[in-house]
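# Secondary and tertiary structure notes
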Amino acid sequence: MAKRANNEGSINKRNDGRWEGKIIVGIKSDGKPDRKSVYGKTQKEVKEKLEALKSHLRLGTYAAPSSITVKQWLSIWVNDYAQVATRTSTYKKYFSLIKSHIIPAIGNIRLQDLKTNVIQNLFATLLKSGNLRTKKGLSPSTVAEINLILNQACAQAIANNLINKNPVTATKKPSRNHHEINPYTKEELDLFLDAAKDHR
């Protein structure tokens, strides 16, 4: 029998022994209610999931299930957002790094499935053997730029209600090795200035 969760949604025990909670998260294009289901081993677990979902709905941060991949979103982000908000040289650098290093590694992952550990592993791999041509590792500064790209793209995805949480924020960003003393190129300087323009 269904049990109400604060008069919002319902909780039922399924035939397979699991508990299922349902809640209306919006209205479909045909005018019918759009219901979201959550599952758990216990009634308490499902109730907690429903409460978290309600919180996102109240705050306007609910991200509806989406099949958009990292590749698809980065293609949208770099052309619709980065190209508008950055210098041409920075946009070209972003585009090149996305195409050469991010998409080949994690492009096929669904954006909502992108996790912190996957991104951290990407950074480690790029530092070891990230250059597809030479098989040598990328410089820490280049991998830090990739971190910046993913962080900005995921932040915009949150603003667009595509994801609820930025998986990049908990990663450890590569830092310059003290032996690495190569000066900034013009493109790297532009990238730094763009990143710092909103900070005093």
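Conventions adopted
Position numbers for residues count from 1 along each chain, tracking the sequence in the order it is written. Totals for whole chains, interfaces and linings use every residue, but because this is a predicted model, local features are given only for residues with pLDDT of at least 70 and side-chain atom pairs only at 80 or more, for both listing and counting. Hydrogens are left out, water is left out, and the side-chain values use all remaining heavy atoms of the structure. Counted as salt bridges are all cases of a side-chain nitrogen of Lys or Arg within 4 Å of a carboxyl oxygen of Asp or Glu. Put simply, DSSP H or I for four residues or longer makes a helix, DSSP E for two residues or longer makes a strand, and each gets a number counted from the N terminus. Per-residue accessibility, obtained with a 1.4 Å probe over protein chains only, is compared with the maximum for each type, and a residue is labelled buried under 20%, exposed over 50%, and partly exposed between these values. The axes used here are C-alpha line fits, helices contributing only the stretch in contact, and every angle between their N-to-C directions lies in the interval 0 to 180 degrees. Convention used here: angles under 35 degrees read as roughly parallel, angles over 145 as roughly antiparallel, angles from 65 to 115 as roughly perpendicular, and any remaining angle as oblique. Whether a crossing is left-handed or right-handed is set by the direction in which the near helix is turned from the far one by less than a right angle, anticlockwise for left-handed and clockwise for right-handed. Working rule for contacts: check all heavy atoms of both residues, and any pair within 4.5 Å makes them a contact. Polar here means any residue other than Ala, Val, Leu, Ile, Met, Phe, Trp, Tyr, Cys and Pro, which are nonpolar, and Asp, Glu, Lys and Arg, which are charged; Gly is therefore polar.

## What about the pattern of salt bridges?
Overall, the coordinates contain 7 salt bridges when judged by the stated rule. Linking Lys-93 and Glu-145 is a salt bridge whose minimum nitrogen-to-oxygen distance equals 3.2 Å. Of the two residues, Lys-93 sits in helix H3 (residues 88–106) while Glu-145 sits in helix H5 (residues 140–159), which places them 52 residues apart along the sequence. Here Glu-145 falls in the buried class, since its relative accessible area comes to 6%. The residue Asp-113 makes a salt bridge to Arg-110 at a minimum N-O spacing of 3.1 Å. Classification of Arg-110 as partly exposed rests on a relative accessible area of 30%. Ionic contacts of the salt-bridge type, sharing partners, join the residues Arg-14, Asp-16, Arg-18 and Glu-20 into one network.

## Section: the packing of H3 against helix H4 (residues 116–129)
At their nearest, the axes of H3 and H4 sit 11 Å apart, and the two run at 130° to each other. As judged from the angle between their axes, H3 and H4 are oblique. H3 and H4 meet at a crossing whose hand is right-handed. Mapping the contact onto sequence places His-101, Ala-105 and Ile-106 in H3 and Val-118, Leu-122 and Leu-126 in H4. Taken together, the residues that form the contact of H3 with H4 break down as 5 nonpolar, 1 polar and no charged.

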